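Listed below, chain by chain, are the residues.
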Amino acid sequence: MFESAELGHTIDNKRFHKEAEHLRVELQRAQYELREAARFPVLILVSGVDGGGKRETISKLYEWMDPRYLSTLAFTTPTDEERDRPTMWRYWRSLPPKGRIGVFSSGSWYSNPIAASVAGGQVSHLLEHEMTRINRFEGMLVNEGALVLKFWLHLSKKAQKARFEKLEADPRTAWQVTKESWARLKTQPQLLEVAGHALRVTNTPWAPWIVVDGSDDNYRNLQVGKTLLEAIRYRLDKQTPMTYPVAPPLIPKLDGRDVLSELDLSQKLSKMQYEKQLAKYQGRLSELMRSPLLAKRALIIVFEGSDAAGKGGAIRRVSAAMDTRQFQIVPIAAPTDEESAQPYLWRFWRHVPRKGHVTIFDRSWYGRVLVERVEGFCSEADWLRAYAEINDFEHALDSADNLVIKFWLQIDKDEQLVRFKEREATEFKRFKITEDDWRNREKWDAYHDAAVDMMDRTSTGQAPWVVVEANDKHFARIKVLRTVCERLEQALRIESSTGNPGSRNLVQHKRKPGRHDDQADH
């Protein structure tokens, strides 16, 4: 994969200055059009071997373009805040918004997998797994509209040695070459074997790798600059971004039965039973939240459900058992302008809690496959691909020791009508009922089908759906509290015995009776 980049390509100074002058004008023009249109962001990964010219290339882009709308993002050893969250959290937070260009230099999402394989001396199973995950991540970015360009700046081992010697001979650049640089030169064959494999399996039509000969500064800078200009220009002139295929919709159940239609919504608790169990489970949860083992985990609780199903009441009963310094409640409504300028999941990644803390989502990332799907706020392709993206998101959370508990609160249509009318008649509840609620009620069947589809596609072993029969508020609140206690207790028990996250078991709902930083970044 690197043969063409070892031919010693060169551009003389006269030709370089002539072409660079025109290139600079065109790059700035494209950059201003990109900012004005604000239709998509540009992500540029600059990687390669030591001495390949990554720093110099990025500096040249800053010289040619308006630096106010260009950001360089470099990642070193994770901070305590970053170690407390999933690996990809630091990259999600740094994504450029629509209309801007972000340059990812050292420490990109390729760094650790490549470095680990080089250290192991071979292409590892971990590398294969991580490259597959990265392909899905970059595919998501592209489907969200991003332009993703990945540059590998290459040198042969001989050229790399010559570059080191040249840099060391100049007092102004000698600091760029360290003992580690020379040590890594000895392992260049292993790096190229691992990196070559990584580049091949992640060289996708939607996020290609461009391998550039880094031995001549003029050639390298022109090649990167012209490639960037052509790619931005193409996207500005072409209204439809590149996408990759998604799975088709599920076929409805032929007998009309599903996880919601089979619920027994008649279950109730008396007031006395409710108050007794409320005290029991709130006390149990309060004790669990004080466990020292919780410092090794984070807790994410998601509440979805029918309008007026009692999500707010359930959240209040759960949060009442927690120290207010320990949790955050995140209500989800229509995205802000800042959130709309980023990929869909960005606004949820930013609220991922640190270990020892809790985030409670009052509605969540499932809005894309529920309200956005039913109301037509996104395309069919958008909500169809969201299932896999959501599963990837929750898998990343689970892998980073986040316990994810997802509740769907279900009421029947008659009970919803009763609660709607009660809200209209009660002054302090009137703010809860809107025209949107009445309009959504007219689409009851569509929301029902979307919810069932969602559960079928996203109830996983790591993050299963817990369906709560919510016609009786007392019963629903106790089931929610009991489930949180049981799931948290199980997680902490496994943590205590093994130190590793364990499997997640779905709390079954009751049925109706009688029915069924790598080397390449230096």
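You'll find the structure just up there.
Everything numeric here is computed off the predicted structure, so don't read it as measured data.

*Asks:* Teacher, can you tell me more about helix α16 (residues 380-399) here?
*Replies:* Every α-helix carries 3.6 residues per turn, so stepping three or four residues along brings you back to the same face. Under the 1.5 Å per step criterion, the end-to-end length of α16 is 29 Å for 20 residues, consistent within 8% with the ideal 28 Å. The largest bend in α16 comes to about 35°, at A386. Turning to α16, its buried residues number three or more, namely D382, W383, L384, R385, A386, Y387, E389, I390, F393, E394, L397 and D398. D401 sits one or two positions beyond α16 and adopts a positive phi of about 65°.

*Asks:* I'm lost on the nonpolar core in this one. Help?
*Replies:* A general trend in soluble globular proteins is that nonpolar side chains are found buried together. One finds W92, W109, W365, W408 and M454 to be the most contacted residues of the largest nonpolar core, which totals 73 residues. Not counting residues up to four positions away in its chain, the partners in contact with W92 are F137, M140, P343, L345, W346 and W349. The next biggest cluster of nonpolar side chains, apart from the first, holds 38 residues, and it includes L278, F303, F407 and L481.

*Asks:* Even after reading the chapter, I still don't get the packing of aromatic side chains, so can you show me in this structure?
*Replies:* Remark: the centre distance and the inter-plane angle together describe each pair of aromatic rings, the angle taken between the planes. Enumeration according to the criterion identifies 23 aromatic pairs in this entry. Between the NZ or CZ atom of R373 and the centre of the ring of W383, over which it lies, the distance is 4.1 Å.

*Asks:* Help me understand the pairing of strand β8 (residues 358-362), please; the structure alone is not making it clear to me.
*Replies:* Two faces, one strand: in a regular strand the side chains alternate between the faces of the sheet. Counting buried positions along β8 yields 4 of 5 residues, so the element is predominantly enclosed. Across 5 bridges, strand β6 (residues 298-305) lies against β8 in parallel orientation. Opposite L299, over in β8, you have V358 as the bridge partner.

*Asks:* Mind showing me how you'd approach the sheet that holds strand β4 (residues 147-154) here?
*Replies:* Consider a sheet: its strands pair through backbone hydrogen bonds, and that pairing is either parallel or antiparallel. The 5 strands lie next to each other as β2-β3-β1-β4-β5, forming an open sheet whose pairing is parallel. At either margin of the open sheet sits one strand with a lone partner, and together these are β2 (70-73) and β5 (209-213). The sheet shows a mean angle of 20° between the axes of neighbouring strands, direction not considered.

*Asks:* Even after reading the chapter, I still don't get the sheet that holds strand β10 (residues 465-469), so can you show me in this structure?
*Replies:* Across the sheet, 5 strands lie side by side as β7-β8-β6-β9-β10; this open sheet has parallel pairing. Looking at which strands have only one partner, the edges of the open sheet turn out to be β7 (327-331) and β10. With strand direction ignored, the average angle separating the axes of adjacent strands in the sheet is 20°. Relative to β8, β7 runs parallel, the two sharing 5 bridges. Note on β8: the bridge partner recorded for F327 is V358.

*Asks:* Got a minute to help me understand the packing of helix α6 (residues 125-143) against α16 in this structure?
*Replies:* Any two packed helices are characterised by the angle at which their axes cross and by the distance between the axes. Where α6 contacts α16, the two axes come as close as 11 Å, and the packing angle between them is 145°. Crossing hand, α6 versus α16: left-handed. Contacts between α6 and α16 involve R136, M140 and N143 from the first element and D382, R385, E389 and D392 from the second. The class makeup of the residues in the contact of α6 with α16 is 1 nonpolar, 1 polar and 5 charged.

*Asks:* Whenever I open this one, the environment of L260 confuses me. Can you help?
*Replies:* Within the element layout of this structure, L260 appears in the loop between α10 (217-237) and α11 (271-289). C-alpha of L260 to C-alpha of N135: the two residues are 125 residues apart in sequence and 35 Å apart in space. Ignoring any residue separated from it by four or fewer positions in sequence, one finds L260 in contact with W408, Q410, H448, A451, V452, M455 and V467.

*Asks:* Explanation requested: unusual backbone geometry in the structure shown.
*Replies:* Most peptide bonds take the trans form, and the phi angle of most residues other than glycine is negative. The phi dihedral of A308 falls on the positive side, at around 70°, and the residue is not glycine. Positionally, A308 belongs in the loop between β6 and α12 (311-319).

*Asks:* What is the right way to look at the pattern of salt bridges in this model?
*Replies:* It is possible for side chains bearing opposite charge to pair when their charged atoms get close. Here the structure, examined in full by the defined rule, presents 40 salt bridges. For R385, the salt bridge is made with D382, and the minimal N-O distance between the two is 3.0 Å. Of this pair, R385 and D382 are both found in helix α16, 3 residues apart, which corresponds to roughly one turn of the helix. For the pair shown, R385 and D382 are each scored as buried. Salt bridges sharing common partners tie together E144, R368, E372, D382, R385 and E389.

The rules we used
Residues numbered from 1 in each chain as written. Predicted model: local features only at pLDDT ≥ 70, side-chain atom pairs only at ≥ 80, totals over all residues. Heavy atoms only, no water. Helix = DSSP H or I, 4+ residues; strand = E, 2+ residues; numbered from the N terminus. Expected span 1.5 Å × (residues − 1). Bend = angle between axes of the 7 residues up to and from the residue. Buried < 20%, exposed > 50% of the residue type's maximum accessible area, 1.4 Å probe, protein only. Core = buried A, V, L, I, M, F, W, Y, C linked by side-chain atoms within 4.5 Å. Contact = heavy atoms within 4.5 Å. Phe/Tyr/Trp six-rings, centres within 6.5 Å; stacked < 30°, edge-to-face > 60°. Lys NZ or Arg CZ within 6 Å of the ring centre and 35° of its normal. Pairing = 2+ DSSP bridges. Axes fitted to C-alpha atoms, helices over the stretch in contact; angles between N-to-C directions. Left-handed = near helix turned anticlockwise from the far one by under 90°. Nonpolar A, V, L, I, M, F, W, Y, C, P; charged D, E, K, R; others polar. Salt bridge = Lys/Arg side-chain N within 4 Å of Asp/Glu carboxyl O.

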